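Residues per chain are reported as follows:
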Amino acid sequence: MHELSIVLNIVEIVEKEVFKADAESVSAVELDIGKLSTIEPAAFEFAWKHGIRDSVLERAELKINYIQGMGRCSECNTLFEMNALYDSCPECGCYFSEIIEGKEMNIKTIRIEERLKSEK
Ligand SMILES: [Zn+2]
């Protein structure tokens, strides 16, 4: 299940940010996940619950924006919505298209919880 390694990778990136900010935890994180990426939503959410255990993200609220796939046909240049990697062009039926959007996995925002001054 490669979703777990993706979650652990996110945890690592976020931990670095938290360390840089001299904070302790994160209250919310927002991710952009393309519908054409290899991430399967249910598997990802399951992996998330396990992967964030005992990490700075343990209490963070997770928000995922699933990004619609968009492709451009390499035969007739039609732009069209893609729901799978090998969707054919609705105009000419061609299977060769350039993927414009929908393969990404980005951390969009990280809301870091500031450490209370009195705790020092
Ligand atoms: Zn076409």
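Residues numbered from 1 in each chain as written. Predicted model: local features only at pLDDT ≥ 70, side-chain atom pairs only at ≥ 80, totals over all residues. Heavy atoms only, no water.

Student: Mind showing me how you'd approach the coordination of the zinc ion here?
Tutor: A four-donor tetrahedral metal ideally has 109.5 degree angles, and a six-donor octahedral metal ideally has angles of 90 or 180 degrees. Listed as protein donors to the zinc ion are Cys-73 (SG), Cys-76 (SG), Cys-89 (SG) and Cys-92 (SG); their distances from the metal cover 2.3 Å. Mapping the donors of the zinc ion onto the primary sequence yields the spacing C-x2-C-x12-C-x2-C. By relative accessible area, which is 1% here, Cys-73 ends up buried. Here Cys-76 falls in the partly exposed class, since its relative accessible area comes to 34%. (Donors = N, O, S within 2.8 Å, 3.2 Å for Na, K, Ca; no water. Buried < 20%, exposed > 50% of the residue type's maximum accessible area, 1.4 Å probe, protein only.)

Student: Just checking my understanding: could you explain the packing of aromatic side chains for this structure?
Tutor: Each aromatic ring pair is specified by the distance between its two centres and by the angle formed by the two planes. This structure, assessed with the given rule, holds 1 aromatic pair. Both rings, one in Phe-44 and one in Trp-48, keep their centres 6.1 Å apart while their planes meet at 35 degrees; by these two values the pair is tilted. One end of the pair is Phe-44 and the other is Trp-48, both in helix 2 (residues 41-51) and 4 residues apart, which spans about a single turn. For Trp-48, a relative accessible area of 5% translates into the label buried. (Phe/Tyr/Trp six-rings, centres within 6.5 Å; stacked < 30°, edge-to-face > 60°. Helix = DSSP H or I, 4+ residues; strand = E, 2+ residues; numbered from the N terminus.)

Student: Explanation requested: the packing of helix 1 (residues 2-20) against helix 2 in the structure shown.
Tutor: Pairs of packed helices are described in terms of their axes, by the angle between the two and the distance that separates them. Two elements in contact, helix 1 and helix 2, have axes whose closest approach is 8 Å; the angle formed by their N-to-C orientations is 50 degrees. When the axis of helix 1 is compared with that of helix 2, the two are oblique. The handedness of the crossing between helix 1 and helix 2 comes out as right-handed. Along the contact surface, helix 1 presents Glu-3, Leu-4, Ile-6, Val-7, Leu-8, Ile-10 and Val-11, while helix 2 presents Ala-43, Phe-44, Ala-47, Trp-48 and Gly-51. Taken together, the residues of the contact of helix 1 with helix 2 break down into 10 nonpolar, 1 polar and 1 charged. (Axes fitted to C-alpha atoms, helices over the stretch in contact; angles between N-to-C directions. Parallel < 35°, antiparallel > 145°, perpendicular 65-115°, else oblique. Left-handed = near helix turned anticlockwise from the far one by under 90°. Contact = heavy atoms within 4.5 Å. Nonpolar A, V, L, I, M, F, W, Y, C, P; charged D, E, K, R; others polar.)

Student: Before we go on, may I ask you to explain the sheet that holds strand 3 (residues 69-73) in this structure?
Tutor: Hydrogen bonding along the main chain pairs the strands of a sheet, whether they run parallel or antiparallel. On the basis of which strands lie adjacent, the open sheet formed by 3 strands has the order 4-3-5 and antiparallel pairing. Only two strands of the sheet have a single neighbouring strand rather than two, namely strand 4 (79-82) and strand 5 (97-101). Going across the sheet, the axis of each strand differs from the next one's by a mean of 35 degrees, ignoring polarity. In this sheet, strand 5 lies alongside strand 3 in antiparallel orientation, the contact comprising 4 bridges. When the sheet's bridge partners are listed, Met-70 is paired in strand 5 with Glu-101. (Pairing = 2+ DSSP bridges.)

Student: When you look at the sheet that holds strand 6 (residues 105-113) in this model, what are you seeing that I'm missing?
Tutor: Reading across from one edge, 2-1-6 is the order of the 3 strands in this open sheet, with mixed pairing throughout. Since the sheet does not close on itself, it has two edges, and those belong to strand 2 (61-67) and strand 6, each with one partner. On average, each strand axis in the sheet is inclined to that of its neighbour by 15 degrees, with strand direction left out of account. Where strand 1 (residues 25-34) meets strand 6, 8 bridges bridge the pair, whose relative direction is antiparallel. Paired with Leu-31 across the bridge in strand 6 is Ile-107.

Function cannot be inferred from these measures alone, as they are strictly geometric.
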